[in-house]
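# Architecture at a glance
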Amino acid sequence: MGTQSAQVLAVTLAGEVVGDGAAGLTSRRDGRRHEQDPDGWWQAVVSASRAALRGIHPERIQAIAVCATSGSILLTDRTGRPITASVMYDDARAGDDAERVREAGAPVWASLGYPMQSTWGLPKLVWLLREHAERPSEVRLGHQADVITGRLIGHPVATDTSHALKSGYDLLADEWPWDVLDRLGIPHEVMPDVVPPGSRLGAVGADAASQTGMPQGIPVVAGMTDGCAAQLAGGALSVGDWTSALGTTLVLKGVSEELLRSPTGGLYCHRSLDGRWLPGGASNAGAGVLTERFGERDLAALDARASEREPATVVAYPLVSEGERFPFEAPDAESLVLGEPVDEVDLYAALLQGVAFVERLCFDEVDRLGAPTGGAVRFVGGAAGSDYWSQLRADVLRRTVQVPEHTEAALGMALLAAADGGSIQDTAGDMVRIRAVFEPRPEATERFVGAYRTFIDALEERAWLDDEPADHARNRLGQ
């Protein structure tokens, strides 16, 4: 479940995609508001499932897992029926509640390595309960993935530790922080049970089977957030490996033996299936800005023309909505273009380069925070389908980059379902195929140094980026 579409993949144990279906999703955006209709989610799943399973014998389907956007929540009744719209991952209307949440659970958040951000699930839950629940103890917190797995099975189900992280789940204690919830006035009945990713939640029920074309009785496995799913799809699962998932937004995910802590919460850690940690952060910048600015244009043709504009005459920080989460936290950040583009190709090139600069700044920041970064780098997500953009990003990063044959987060859920409690690394080794390798071009890496410095300076001048991370990024310009 993404921002713009739902995608279903049917994948063999050898990594061959034998079925692929997608259906669009509609958002309602207005300033800090970003909502989606959960009924629209289900209709998209039905359509995408039927398309993906066309021509596949039902007996071949062995299991299913679901990933969704991180921090997107809603309220349901006790039967699992949604009673509010979904407040999506970048909705910032709970900003006034975030400080209260940070104070109520300060020791817990410090132990986990992050303060609660205004767009995270727990502040939004406090806001939703105040705005929409006359009887708070009669409603239930639902994450985007929970709604879909519940519809597949036919009744409310547990959530997973990955989707529950931004709702305040304590990954060290492996339970909800009940004392914190008490201080916030959240009834215990609101919070769902929580299980590890890969746990069996139940089986596809008769009603969902008749709608989706999935066979009744196949296991439904607890999933992970879309960023973690994309990381699984990339197959870079050793310590020091990093996966950069570029879709509507940019999500960076790594692997570490130790829990890493960030003072701003921009970098936070999920739990790996093998007990290690998955540090990562999500930027609001990404390919969504191309959809907003260029709509249905032929992006491949624009890629070819943009290759002649390195660097562009202007520098951009490409945001679709107000606010940034990572590589820095700045609720007032907005889309930025320094200067006047010569033409639309110049603007397009600047947006591609701007996303690459955001990605580079993310790597600079995780290096500053002490994360291991010397392993493999893999690009996944819809934007990894653009070879020009992948080459540009490799040039800006100054890193060799691998792009798997299939980069969708849905593939990561197929991996998780296929692992069936076994080694996810071994399963990924069998199912992830590398399509292309991009080496940084020495002449190109030097062309972008000046533009990247201008980019850093502009963020620091606006007080979006603090002096210390700005200096660290500048000191790494030649690395």
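Above this text is the structure in question.
All values derive from a computational prediction rather than experimental measurement. (Residues numbered from 1 in each chain as written. Predicted model: local features only at pLDDT ≥ 70, side-chain atom pairs only at ≥ 80, totals over all residues. Heavy atoms only, no water.)

So, on to the packing of helix 11 (residues 299-306) against helix 12 (residues 344-368). Here helix 11 crosses helix 12 at 90 degrees, and the two axes come no closer than 9 Å. By the angle class used here, helix 11 and helix 12 are roughly perpendicular. Residues Leu299, Leu302, Asp303, Arg305 and Ala306 of helix 11 touch helix 12, and the partners they reach there are Glu344, Val345, Tyr348, Ala349 and Leu352. Among the residues forming the contact of helix 11 with helix 12, the class breakdown is seven nonpolar, no polar and three charged. (Axes fitted to C-alpha atoms, helices over the stretch in contact; angles between N-to-C directions. Helix = DSSP H or I, 4+ residues; strand = E, 2+ residues; numbered from the N terminus. Parallel < 35°, antiparallel > 145°, perpendicular 65-115°, else oblique. Contact = heavy atoms within 4.5 Å. Nonpolar A, V, L, I, M, F, W, Y, C, P; charged D, E, K, R; others polar.)

Here Asp395 is to be found in helix 13 (residues 387-397). Separated by 2.5 Å, the side chains of Asp395 and Arg441 make a polar contact. With residues up to four places along the chain from it excluded, the contact list for Asp395 reads Glu439, Pro440, Arg441, Ala444, Thr445 and Phe448. (Polar contact = N/O pair within 3.5 Å; in protein donor to acceptor, adjacent residues only side chain to side chain.)

The next point concerns the environment of Gly286. Looking at the element boundaries, Gly286 is found in the loop between strand 16 (277-283) and helix 10 (288-294). Given the relative accessible area of 1%, Gly286 is considered buried. Ignoring sequence-local partners within four residues, the contact set of Gly286 consists of Leu246, Gly247, Thr248, Thr249, Leu250, Pro318 and Val355. (Buried < 20%, exposed > 50% of the residue type's maximum accessible area, 1.4 Å probe, protein only.)

If you look at soluble globular proteins, the nonpolar side chains tend to sit buried side by side. In terms of nonpolar packing, the biggest core is built from 102 residues, with Leu125, Ile186 and Phe455 touching the most fellow members. Among the elements that make up this core, the one with the highest residue count is helix 12 (14 residues). Ignoring anything within four residues of it in the chain, the contact list for Leu125 reads Ile73, Leu75, Leu141, Ile186, Val190 and Met191. With 34 residues, the next largest nonpolar core counts Ala10, Leu74, Leu201 and Ala209 among its residues. (Core = buried A, V, L, I, M, F, W, Y, C linked by side-chain atoms within 4.5 Å.)

A complete count under the given rule lists 30 salt bridges for this structure. One salt bridge connects Arg29 with Asp90, and the closest N-O pair in it is separated by 3.1 Å. In this pair, Arg29 is assigned in strand 3 (residues 27-30) and Asp90 in the loop between strand 7 (86-87) and helix 2 (95-104), connecting sequence segments 61 residues apart. We classify Asp90 as buried; its relative accessible area is 7%. In this structure, Asp97 and Arg130 form a salt bridge, with 2.8 Å as the shortest nitrogen-oxygen distance. Of the two residues, Asp97 is situated in helix 2 and Arg130 in helix 4 (residues 121-132); the sequence distance between them amounts to 33 residues. A relative accessible area of 48% places Arg130 in the partly exposed class. (Salt bridge = Lys/Arg side-chain N within 4 Å of Asp/Glu carboxyl O.)

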